[in-house]
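These are the residues of each chain, in order.
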Amino acid sequence: MAEGPAEAPAESGGGGDLERGVAPIKPQYRTTKEQFHEFLEAKGQEKACRETEAEDRVGNDLAEPEAKRIRLEDGQREDGQTEKAAEHGEQPQAQKRARGQNKSRPHMKPLHDDKNRLCPSLIQESTAKCFFGDRCRFLHDVGRYLETKPADLGPRCVLFETFGRCPYGVTCRFAGAHLGPEGQNLVQEELAALWDHPLPVRNGLDKSLQQQLRKRKIRFERAEQALFQLSKDQPPGPTPVAAVPKVPVAEGAPGQNDCDAQQDPAGPGADTPPSSPGRTCGPLTDEDIVRLRPCEKKQLDIRGKLYLAPLTTCGNLPFRRICKRFGADVTCGEMAVCTNLLQGQMSEWALLKRHQCEDIFGVQLEGAFPDTMTKCAELLNRTIEVDFVDINVGCPIDLVYRKGGGCALMNRTTKFQQIVRGMSQVLDVPLTVKIRTGVQERVNLAHRLLPGLRDWGAALVTLHGRSREQRYTKLADWQYIEQCVKAASPMPLFGNGDILSYEDANLAMQTGVAGIMIARGALLKPWLFTEIKEQRHWDISSSERLDILQDFTNYGLEHWGSDTQGVEKTRRFLLEWLSFLCRYVPVGLLERLPQRINERPPYYLGRDYLETLMASPKATDWIRISEMLLGPVPSNFVFLPKHKANAYK
């Protein structure tokens, strides 16, 4: 992919001392913003010319297609100057750096995919006839579908090569690799037999469970008992069955056994000896009246291990597979909202999926009230396979905070205590908590909460060294984290914040923390885990970084599918990740090691074209990288990153 070194003499741009908060790059690589984009456009046009001549296409329009341009605000030109200021010849004012989220960004779908979707009965060859019959709105003519289907994106299908069979058949965007001469879907029998059991991805949502959740037919016995104890302000422990109020249960609810039907004929008002645990069907076991004590639960021993933080949007399963390959020891799913899980939302349950390579894996829940969080914990305890459950008390975004969740729980101590105690009682796996230093910048709360968390039942706490007000600005306060280690003892405390090199990790471990959690550092360079374990700086080449992106796209196609919808979903998550990857500065270009996470890279020309392209902060260049891996984007494609900008204060 590299097209030769990009020579950038020192006098061509930006020499001299850099401003504060800017990564120190060697003078011979520095350049200006204008020269940087001119270089990329010139190289891009040369490449486009060669492709155009090779394919004998008519016309030579090398401009960026209109559909790929970033949408501008009204009255704003491409150079960032407003039309009114240009008319009066005024100098454009320095624009304030954008912050926050692009909350109104468009979510576009390929139009042709909605109009000409093939019926699932034809894609899934095991289905004898269409389930919808005459009411089916999908196409049943494969020939007509193939006429409107876009061209294949490549000669190799990852699903076919990995699993021996592609479940997307003719709808696969790489279908030429596994379609026979008559359009039949080919199968490699020996390879497919290897993947029958066990499945590589676990913790999916069963259809019957989803229907019961939607109809509210699930019974939460342990949660109701725990909530009843908390409402009476009783200490946690075994509760006599006679003291627990009866909960109305719908027929056919999971967890309901035949013993429930045999009620005392005398009714609830009959005299019952207080020592009697109630009638049972069959022999009485310890499981009926005794729960696991904290010391009897499965222990979570991850001291000294590298913990990949739960990252919303970017911390998806394909990305976690990349980090596991580079040495991450502990992984955690993206933040899942407990109310959405209790409603059976498929998109929320997808956040709980676990790949077989994730040997130590947990899920993170967000909620504001003890009843929903405790019931959700009981539901997950009996339906999915995890090693721990984490409570998100560190989310700073307004949508969560204003509803009383995330960081707001640090100011709602009573609710926070009930949530931790209730979830700890219903879970058979360890319960962990992730918190920040506090809500306001100079008002630390964590050291007051940590002793209580230890007593309430938390097995481990992770502390991000920033407050909610700081979000991700300024530096993490590791001195305060060191103080909190003593307050939390003997409960293990993990530290989190600003780790981008093995030196940062070594300094963090000197504070006495049990381990470190890595978040944005893994987004900027997922090979950070290797650097920490091998205690070295890795001057990774641009071609090696492109190989990592290629692996991510392959994992994405396995996870989200190889049809048009799956390809575009993979592309969007790749682009979100590229909005962080562009901030990485190669080791060989730095004057001083290591790069700091709060130092933004200036404009520079890399050692080859690909390295320069990967350093671009423009979404159009990220789209160009995605086209190297996933083919051309649809004609109506628009992308705006989730975050307007990253903080470098």
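Scroll up to find the structure.
Read on for an overview of the structure. (Residues numbered from 1 in each chain as written. Predicted model: local features only at pLDDT ≥ 70, side-chain atom pairs only at ≥ 80, totals over all residues. Heavy atoms only, no water.)

What to know about the overall build of the chain
Working step 1: When its secondary structure is counted, the chain shows 25 helices and ten strands.
Working step 2: Residues classed as buried in the chain amount to 48% of the 649 residues present.
Working step 3: A fraction of 71% describes how many contacts in the chain between residues 6 or more apart in sequence connect residues 24 or more apart.
Working step 4: With the model as given, the accessible surface of the chain reaches about 33100 Å², and the carbon-plus-sulfur share is 49%. (Helix = DSSP H or I, 4+ residues; strand = E, 2+ residues; numbered from the N terminus. Buried < 20%, exposed > 50% of the residue type's maximum accessible area, 1.4 Å probe, protein only. Contact = heavy atoms within 4.5 Å. Areas by Shrake-Rupley, 256 points an atom, 1.4 Å probe, with all protein chains shown as cover.)

Looking at the environment of Val587
Working step 1: As for its placement among the helices and strands, Val587 is situated in the loop between α23 (564–581) and α24 (609–614).
Working step 2: Setting aside anything within four residues of it in sequence, one finds Val587 in contact with His537, Trp538, Asp539 and Leu593.

Thoughts on the side chain of Thr462
Working step 1: Within the secondary structure, Thr462 sits in strand β8 (residues 460–464).
Working step 2: Overall, Thr462 belongs to the buried group, its relative accessible area being 1%.
Working step 3: Once residues within four sequence positions are removed from consideration, Thr462 is found in contact with Tyr307, Val433, Lys434, Ile435, Phe494, Asn496 and Met517.

Focus: the packing of aromatic side chains
Two measures describe an aromatic ring pair: the distance that separates the ring centres and the angle between the ring planes.
Working step 1: Under the criterion given, the structure shown has eleven aromatic pairs.
Working step 2: Aromatic pair Phe39 and Tyr609: ring centres 6.4 Å apart, planes at 55 degrees, arrangement tilted. Here the residue Phe39 occupies a position in helix α1 (residues 33–55), and Tyr609 occupies one in helix α24, the gap between them amounting to 570 residues. Judged on exposure class, the residue Phe39 and its partner Tyr609 are both buried.
Working step 3: Linked through ring pairs, Tyr307, Phe388 and Phe494 together constitute an aromatic cluster. (Phe/Tyr/Trp six-rings, centres within 6.5 Å; stacked < 30°, edge-to-face > 60°.)

Details of the environment of Arg583
Working step 1: Its place among the elements puts Arg583 in the loop between α23 and α24.
Working step 2: Between the alpha carbons of Arg583 and Pro617 there is a distance of 8.0 Å; along the sequence they are 34 residues apart.

Here we look at the pattern of salt bridges
Working step 1: Tallying each qualifying case throughout the model produces 29 salt bridges.
Working step 2: The closest approach of N and O atoms between Arg321 and Glu558, which form a salt bridge, is 3.0 Å. Taken together, the residues Arg321 in helix α11 (residues 317–325) and Glu558 in helix α22 (residues 542–560) connect sequence positions 237 residues apart.
Working step 3: The residue Arg596 makes a salt bridge to Asp504 at a minimum N-O spacing of 3.0 Å. Taken together, the residues Arg596 in the loop between α23 and α24 and Asp504 in helix α19 (residues 502–509) connect sequence positions 92 residues apart.
Working step 4: You can call Arg596 partly exposed: its relative accessible area is 32%.
Working step 5: In this structure, a network of salt bridges that share partners links the residues Asp398, Arg402, Arg468 and Arg471. (Salt bridge = Lys/Arg side-chain N within 4 Å of Asp/Glu carboxyl O.)

A word on the nonpolar core
Here is a general trend for soluble globular proteins: nonpolar side chains tend to be buried in one another's company.
Working step 1: Counting residues in hydrophobic clusters, the biggest one holds 139 residues, and the most contacted among them are Trp349, Phe416, Met423, Ile435, Ile516 and Leu549.
Working step 2: With seven residues, the top contributor of residues to this core is α23.
Working step 3: Setting aside anything within four residues of it in sequence, one finds Phe416 in contact with Val393, Leu409, Val433, Ile435, Leu449, Leu453 and Trp456.
Working step 4: In terms of nonpolar packing, the next biggest core, distinct from the first, is built from eight residues, Ala23, Ile25, Tyr29 and Ala615 among them. (Core = buried A, V, L, I, M, F, W, Y, C linked by side-chain atoms within 4.5 Å.)

A closer look at the side chain of Arg219
Working step 1: Structurally, Arg219 is set in the loop between α8 (207–214) and α9 (221–231).
Working step 2: For Arg219, a relative accessible area of 16% gives the class buried.
Working step 3: In this structure the side chain of Arg219 is engaged in a polar contact, spanning 3.0 Å, whose partner is the side chain of Glu221. (Polar contact = N/O pair within 3.5 Å; in protein donor to acceptor, adjacent residues only side chain to side chain.)

Notes on the pairing of β8
Working step 1: Among the five residues that make up β8, five are buried, leaving the element largely enclosed by the rest of the structure.
Working step 2: Side chains Leu460, Thr462 and His464 project from β8 onto one buried face, and the interleaved Val461 and Leu463 project onto a second face that is buried too.
Working step 3: Relative to β8, strand β7 (residues 431–436) runs parallel, the two being bridged by five bridges. Across the sheet, Val433 pairs through a bridge with Val461, a residue of β8.
Working step 4: For the segment spanning β7, helix α17 (residues 446–456) and β8, crossover handedness is right-handed.
Working step 5: Across four bridges, β8 lies against strand β9 (residues 493–496) in parallel orientation. Bridging from a neighbouring strand, Thr462 pairs with Phe494 of β9.
Working step 6: Read as a crossover between parallel neighbours, the route from β8 over helix α18 (residues 478–488) to β9 is right-handed. (Pairing = 2+ DSSP bridges. Right-handed = clockwise from strand over helix to strand, strands pointing away.)

Focus: the sheet that holds β7
Working step 1: Taken together, the eight strands give an open sheet; going across it, the order is β2-β10-β9-β8-β7-β6-β5-β3, and neighbouring strands pair in parallel fashion. Looking at strand neighbours, the two that pair on one side only are β2 (306–308) and β3 (331–337), the edges of this open sheet. Averaged over all pairs of adjacent strands, the angle between their axes in this sheet comes to 25 degrees, without regard to strand direction.
Working step 2: Relative to the sheet, α11 contacts β2, β3 and β5 (361–366), its axis offset from that of β3 by approximately 160 degrees.
Working step 3: Docked against the sheet, α17 engages β7, β8 and β9, running at close to 170 degrees with respect to β7. (Axes fitted to C-alpha atoms, helices over the stretch in contact; angles between N-to-C directions.)

Looking at the packing of helix α16 (residues 413–426) against α17
Axis angle and axis distance: for two packed helices, these are the angle between their axes and the distance between the axes, and together they describe the pair.
Working step 1: Where α16 meets α17, the closest approach of the two axes is 9 Å, and the angle between their N-to-C directions is 30 degrees. Viewed along their axes, α16 and α17 adopt a mutual orientation that is roughly parallel. Here the hand of the crossing between α16 and α17 comes out right-handed. Residue-level contacts link Thr413, Phe416, Gln417, Val420, Arg421 and Ser424 of α16 to Leu449, Leu453 and Trp456 of α17.
Working step 2: Residue classes in the contact of α16 with α17 are distributed as five nonpolar, three polar and one charged. (Parallel < 35°, antiparallel > 145°, perpendicular 65-115°, else oblique. Left-handed = near helix turned anticlockwise from the far one by under 90°. Nonpolar A, V, L, I, M, F, W, Y, C, P; charged D, E, K, R; others polar.)

Here we look at a nonpolar patch on the surface
Working step 1: Taken together, the side chains of Leu122, Val142 and Leu146 make up a nonpolar region of the molecular surface, amounting to roughly 200 Å² of accessible area.
Working step 2: Take Leu122: it is sitting in helix α4 (residues 120–123). (Patch = residues over 30% accessible without salt bridge, like charges linked within 9 Å, V, L, I, M, F, W, Y side chains within 5 Å.)

Side note on the packing of helix α14 (residues 370–383) against α16
Working step 1: Two elements in contact, α14 and α16, have axes whose closest approach is 9 Å; the angle formed by their N-to-C orientations is 20 degrees. The angle between the axes of α14 and α16 places the two elements in the roughly parallel class. You can see that α14 and α16 cross each other, and the crossing is right-handed. On the side of α14, the interface is formed by Pro370, Met373, Thr374, Ala377, Glu378 and Asn381, while α16 contributes Lys415, Gln418, Ile419, Gly422, Met423 and Val426.
Working step 2: Across the contact of α14 with α16, the residue classes tally to six nonpolar, four polar and two charged.

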